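Reading the structure
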Amino acid sequence: MSAKFRVLITDRAWPDCEVEKKELSLVDAEVIEAPPGADEQTLIQFATGVDAIATCWASVTKAVIAAAPDCKTIARLGIGLDNIDVEYATSLKIPVTNVPDYCIPEVADHTIALMLARLRNVAFFHIQTKQGIYELSSAPLPRRLSALTIGVFGFGLTGQAVAQRARAFGMNVIATNTSGNDYGTGTTMVPFTELIQQSDVISIHAPLTDATLHQFDAKAFSQMKPTAFLINTSRGALIDFAALKTALQNNTIAGAALDVFDPEPPDLNDPFFKDERVIVTPHAAFISKESLDELRQQAARQIAEILVGNQTTNVVNPVVFE
């Protein structure tokens, strides 16, 4: 006997779909999976006739959504929504959900880890010693953290968590966002230009939108301190990658630590990734056993609730219910 509902999972960053299957089986929903790395045409094929779509990083385009005329919800297995055509889904009265609070501690911790790896020369010395070089003077003389200013670009929950951790090291924290709201944290809120001019470390925690696309471009890099260091654990396209490479080549800035790229994965044959001033991790900031459990269970429950006609949490386009 076939299940009452069919749910497509476009892609995943974990070994199996057992958590999702367990949650969705409670509402008689069957999970189907697209093959790894599926292109748009393949996703259209697998989306045909499904009742819900869950996506991690795959692009859920207008064409993919249109292939599922009975689709009742689209769930983002994560926070950002730039891989879903939310506008088209809204026009069809399809609620789109995300899980905005599932990996805040992980991303904040990863950000601080990248910062310390750079500021304390941990990454540099690690590479040196692996090559048989044991030489303290080969690295730049570090600064005391409490003498430095960290600028947080984007001040949502993750940005606030990074600010809290940075203060524990005695750092001066400034931040910028569109509203200027410090959310009761007492953080000094400044315009973007002041943030990039004053900061010794800049950490990016903003969503990718038309307004923030390539926010960090040649002009922004030209205004940063030549000793400043950039961290990105948000979205790769917030940085103009070509401009970043030029800034490093010209010593306009001191270095970068990147967990996200555009596209992903990046071309690691690019000489940029051999630069000792660059630290790279493979979109790993979000992950922990606890964060994945929270993400998968919550996203699956959101789908299940909507499939049986109930309201759910974190609907990003609530206008569909009006």
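Up top you'll find the structure we're talking about.
Description of the structure in this document. From a predicted model like this one, the values you see are computed outputs, not experimental measurements.

A few points about the sheet that holds strand β4 (residues 73-76)
Taking strand neighbours across the sheet as the criterion, the five strands line up as β2-β1-β3-β4-β5 in an open arrangement whose pairing is parallel. Each of the sheet's edge strands pairs with one partner strand only, and the pair in question is β2 (29-33) and β5 (96-97). Note that strand β3 (residues 52-55) and β4 share four bridges and pair parallel. Among the inter-strand pairings, A52 is bridged to a residue of β4, identified as T73. Packing against the sheet, helix α1 (residues 18-25) makes contact with β1 (5-9) and β2, and its axis sits at approximately 155 degrees to β2.

Quick look at the layout of surface pockets
The volume enclosed by the largest pocket comes to roughly 1000 Å³. Forming the boundary of the largest pocket are 45 residues, of which I79, H205, A206, P207 and S234 lie nearest the centre. Only α5 (104-119) and α7 (157-168) provide two or more residues apiece to the lining of the largest pocket. Looking at which element gives the most residues to the lining of the largest pocket, the answer is α7, with three residues.

Here's the deal with α7
Here α7 is twelve residues long and its end C-alpha atoms lie 17 Å apart, about the 16 Å a rise of 1.5 Å per residue gives. Buried residues of α7: T158, G159, Q160, A161, V162, A163 and A166, and no others. Tucked inside the fold, the buried residues of α7 contact α5, β6 (149-153), β7 (172-176) and β9 (201-204). Once α7 finishes, G170 follows within two positions and takes phi at roughly 85 degrees, a positive value.

Quick notes on the sheet that holds β6
What the seven strands build is an open sheet, ordered β8-β7-β6-β9-β10-β11-β12; its pairing is parallel. With partners counted over all chains shown, the strands left at the sheet margins are β8 (188-189) and β12 (278-280), one partner each. For strand β10 (residues 229-232) and strand β11 (residues 255-258), the ladder comprises four bridges, and the chain directions are parallel. Across the sheet, I231 pairs through a bridge with A257, a residue of β11. Running at roughly 155 degrees to β10, α5 makes contact with β6, β9, β10, β11 and β12 of the sheet.

Comments concerning the packing of α5 against α7
For the pair α5 and α7, the least separation of the axes is 9 Å and the interaxial angle reads 50 degrees. Here α7 runs oblique to α5, going by the angle between their axes. As for the relative orientation of α5 and α7, their crossing is right-handed in sense. Counted together, I104, P105, V107, A108, D109, T111 and I112 of α5 and L157, T158, A161, V162, R165 and A166 of α7 form the full contact between these two elements. Here the contact of α5 with α7 is composed, by residue class, of nine nonpolar, two polar and two charged.

What to know about the packing of α1 against helix α11 (residues 289-307)
At a minimum axis separation of 9 Å, α1 and α11 run at an interaxial angle of 30 degrees. One element, α1, and the other, α11, form an angle in the roughly parallel class. Seen from above, α1 lies across α11 with right-handed handedness. On α11, the residues touching E18, V19, E20, E23 and L24 of α1 are R296, Q297, A300, R301, I303 and A304. Among the residues forming the contact of α1 with α11, the class breakdown is five nonpolar, one polar and five charged.

Examining the nonpolar core
Within the largest apolar cluster, 28 residues are counted, with the highest numbers of intra-cluster contacts made by I196, F216, F221, I239 and L244. For this core, the secondary structure elements donating two or more residues are α8 (192-198), β9, α9 (218-223), α10 (241-249) and β11. Of all the elements, α10 adds the most residues to this core, at four residues. Not counting chain neighbours up to four residues away, the residues in contact with F221 comprise F216, L230, I239, D240, A243, L244, A247, T252 and I253. Counting residues in each nonpolar core, the second largest holds 27 residues, with Y102, A285, L292 and L295 among its members.

Let's talk about the packing of aromatic side chains
Using the criterion set out here, one finds nine aromatic pairs in the structure. Here the aromatic rings of F124 and F125 are separated by 5.8 Å at their centres, their planes lie at 65 degrees, and the arrangement is edge-to-face. Each ring, one from F241 and one from F272, has its centre 4.9 Å from the other, and the planes form 75 degrees; the classification is edge-to-face. Here F241 is found in helix α10, whereas its partner F272 is found in the loop between β11 and β12, with 31 residues between them in sequence. You can call F272 buried: its relative accessible area is 7%. These aromatic residues form a ring-pair network of at least three members: F241, F261, F272 and F273.

Digging into the side chain of T158
By the secondary structure assignment, T158 is in helix α7. Other than its neighbours up to four places away in sequence, T158 contacts I104, V107, A108 and H205.

Reading the values: the criteria
Residues numbered from 1 in each chain as written. Predicted model: local features only at pLDDT ≥ 70, side-chain atom pairs only at ≥ 80, totals over all residues. Heavy atoms only, no water. Pairing = 2+ DSSP bridges. Helix = DSSP H or I, 4+ residues; strand = E, 2+ residues; numbered from the N terminus. Contact = heavy atoms within 4.5 Å. Axes fitted to C-alpha atoms, helices over the stretch in contact; angles between N-to-C directions. 1 Å grid on protein atoms, 1.4 Å probe; cavity = no way out; pocket = protein on both sides within 12 Å on 5 of 7 lines; lining within 4 Å. Points joined across faces, edges and corners; volume = space filled by probe spheres on them. Expected span 1.5 Å × (residues − 1). Buried < 20%, exposed > 50% of the residue type's maximum accessible area, 1.4 Å probe, protein only. Parallel < 35°, antiparallel > 145°, perpendicular 65-115°, else oblique. Left-handed = near helix turned anticlockwise from the far one by under 90°. Nonpolar A, V, L, I, M, F, W, Y, C, P; charged D, E, K, R; others polar. Core = buried A, V, L, I, M, F, W, Y, C linked by side-chain atoms within 4.5 Å. Phe/Tyr/Trp six-rings, centres within 6.5 Å; stacked < 30°, edge-to-face > 60°.

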